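# Architecture and fold: a report
Letter by letter, the chains look like this.
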Amino acid sequence: MVTGISNNSRQDSKFKKIDLCIKDTNMLKVRKMAKLLNIDVIGCPYQEQYDKSIIYRVNERPSTTTDYRYLVVANNLEQLISSSFQPNLVVVKDFEKLKSFIRKGKYRSRIALEVLISDIRYQEGSKVGKWFREITDLYRFSKRSGCQFILSSGANSVWEMVSAQCFESIMKFCKIPPRTYWEDLEEWLGLQDRPRLSHA
């Protein structure tokens, strides 16, 4: 766990560090832990009492404009088959199936492909190694296909949350430039806000 901010982190503070999938619903604890871990923006399940600083994960697009930021999430590839369902991101479980689906032109570009670190938390070594190789490949595929690659913690509790330093260590291991990743993700999130603000 990272409890401080290095000089390099201070110099790069204009680049927001983002974790879009934290499943713990105790927002007070989540925000405190995020601050300790140098995470600037968090994404959590939608709750009735919302916080404008949080990006909420929802299963369908609200019928009217909202005061909060949200992302419509597809938790499996099958949901993308429906032409009426237009999510912002899909959680990737089967890398090869997802890539085949997009290569065949069955979905629009700029959708985000999200991978959760929690998927390998309790896996054996060989599966972890395979996951890292697939992450490297998926990032390259995302760049070629015009999709947005997202790496999230998938934390079920505050104790599973991941520090910005750990995120960047994983990125570097997978040949993903951290600065480019944070910049691209922040830009993509800004694009998702535009239809939300005009949707009615």
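Summarised in this report is the structure supplied together with it. (Residues numbered from 1 in each chain as written. Predicted model: local features only at pLDDT ≥ 70, side-chain atom pairs only at ≥ 80, totals over all residues. Heavy atoms only, no water.)

Our focus in this paragraph is the state of the cysteines. The tally for this structure, following the rule as stated, stands at zero disulfides. No disulfide involves Cys 21; its sulfur sits 8.5 Å from that of Cys 44, the nearest cysteine. Cys 21 gets classed as buried once you look at its relative accessible area, which sits at 4%. (Disulfide = S-S within 2.5 Å. Buried < 20%, exposed > 50% of the residue type's maximum accessible area, 1.4 Å probe, protein only.)

Turning next to the pairing of strand β3 (residues 55–58). Where burial is concerned, the two faces of β3 agree: the one with Ile 55 and Arg 57 and the one with Tyr 56 and Val 58 are both buried. Bridging between strand β2 (residues 41–45) and β3 involves three bridges; their strand directions are parallel. From the neighbouring strand, Pro 45 faces β3, where its bridge partner is Arg 57. Relative to strand β4 (residues 69–74), β3 is paired through four bridges, and the arrangement is parallel. (Helix = DSSP H or I, 4+ residues; strand = E, 2+ residues; numbered from the N terminus. Pairing = 2+ DSSP bridges.)

Turning to unusual backbone geometry, a few remarks are in order. Even without being a glycine, Asn 38 presents a positive backbone phi close to 65°. When you line up the elements, Asn 38 lands in the loop between α2 (27–36) and β2. Positive phi, normally seen in glycine, also occurs at Lys 175, with a value near 60°. Within the element layout of this structure, Lys 175 appears in the loop between α5 (164–173) and α6 (178–198). A relative accessible area of 62% places Lys 175 in the exposed class.

Scanning the entire structure with this criterion turns up ten salt bridges. Asp 193 is the partner of Arg 69 in a salt bridge, and the nearest nitrogen-oxygen pair spans 3.1 Å. Residue Arg 69 is located in strand β4, and its partner Asp 193 is located in helix α6; the two are separated by 124 residues in the primary sequence. Here Glu 160 ties to Arg 121 by a salt bridge, and the two come within 4.0 Å at their closest N and O atoms. Taken as a pair, Glu 160 in the loop between β7 (148–152) and α5 and Arg 121 in the loop between β6 (112–116) and α4 (125–145) lie far apart in primary sequence, 39 residues in all. Classification of Arg 121 as partly exposed rests on a relative accessible area of 33%. Where salt bridges share partners, they join Glu 96, Lys 99 and Asp 137 into one cluster. (Salt bridge = Lys/Arg side-chain N within 4 Å of Asp/Glu carboxyl O.)

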